[in-house]
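So you can see what is in the structure, the chains are spelled out below.
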Amino acid sequence: QVQLVESGGGLVQPGGSLRLSCAASGSIFSINAMGWYRQAPGKQRELVATITRGGSTYYADSGKGRFTISRDNAKSTVYLQMNNLKPEDTAVYYCDAAVTVVRHTSPREYWGQGTQVTVSS
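Now for a description of the structure that goes with this document. (Residues numbered from 1 in each chain as written. Predicted model: local features only at pLDDT ≥ 70, side-chain atom pairs only at ≥ 80, totals over all residues. Heavy atoms only, no water.)

## Considering the pattern of salt bridges
We count it as follows: Basic side-chain nitrogens of Lys or Arg form a salt bridge, by our definition, when they fall within 4 Å of a carboxyl oxygen of Asp or Glu. Think of it in three bands: with a 1.4 Å probe and only protein chains considered, a residue is buried below 20% of the maximum accessible area for its type, exposed above 50%, and partly exposed in between. Counting from the N terminus, the helices are DSSP H or I runs at least four residues long and the strands are E runs at least two residues long.
Counted by the stated rule, this structure contains 4 salt bridges. For E46, the salt bridge goes to R38, with nearest N and O atoms at 2.6 Å. Residue R38 is classed as buried on the basis of its relative accessible area of 6%. Measuring nitrogen to oxygen at the nearest pair gives 2.9 Å for the salt bridge that ties R38 to D89. Of this pair, R38 sits in strand β4 (residues 30-39) while D89 sits in the loop between β8 (77-82) and β9 (91-100), and the two are 51 residues apart along the sequence. If you follow the salt bridges from partner to partner, you end up with R38, E46, R66 and D89 in one network.

Structural data, given as structure tokens:
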């Protein structure tokens, strides 16, 4: 079994910052790409950012210039630094990871349980 546990969400004022963390644990051989998604009330889940094992990153337009994704492979952890937060960033943020459990098998996608981010004055 593989578990992803997010932390770092909360209530922040517009213009503020938050740093989300997501730690993977369990029966893991290797972790390929990791990413952050978010889902606002009444909306579909959307991609925020992704990062490969080698550190290549991709950002959705919504977070470019404000969000930074990073990872610590030794800790099986991915981070999302969010600066200059806006009310429209309010959502539940989920991390996901493509995990290889057994060597030479295809990776499988796992999701965390989500952490609430609320941007409001």
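The structure having been displayed, the exposition proceeds.
## Some thoughts on the environment of P41
Positionally, P41 belongs in the loop between β4 and β5 (46-51). Separated by 51 residues in the primary sequence, P41 and V92 have C-alpha atoms spaced 8.5 Å apart.

## Section: the pairing of β4
Basically, it comes down to this: The pairing criterion for strands is at least two bridges between them, as found by DSSP.
For β4 and β9, the ladder comprises 8 bridges, and the chain directions are antiparallel. Within β9, the residue paired with Q39 across the bridge is V92. With 5 bridges connecting them, β4 and β5 associate as antiparallel partners. Bridge pairing in β5 places W36 opposite A49. Taking the residues between adjacent antiparallel strands as the criterion, β4 and β5 are bridged by 6 residues, where G42 takes a positive phi near 80°.

## Looking at the environment of T105
Here is the rule: We call two N or O atoms a polar contact when they sit within 3.5 Å, provided that within protein one can donate a hydrogen and the other can accept it, with sequence-adjacent residues counted only if both atoms are side-chain atoms.
Residue position: T105 is located in the loop between β9 and β10 (108-111). Along the primary structure T105 and F29 are separated by 76 residues, whereas in three dimensions their C-alpha atoms are 9.9 Å apart. Among the polar contacts listed, one links the side chain of T105 to the backbone oxygen of V102, at a separation of 2.4 Å.

## A closer look at the state of the cysteines
We apply this condition: Any two cysteine sulfur atoms lying within 2.5 Å of each other are counted as a disulfide.
Following the criterion strictly, the structure yields 1 disulfide and no others. Residue pairing for C22: its cysteine sulfur links by disulfide to C95, the two sulfurs lying 1.9 Å apart. In this pair, C22 sits in strand β3 (residues 18-26) while C95 sits in strand β9, placing the two residues 73 residues apart along the sequence. Here C22 matches C95 in class, with each residue buried.

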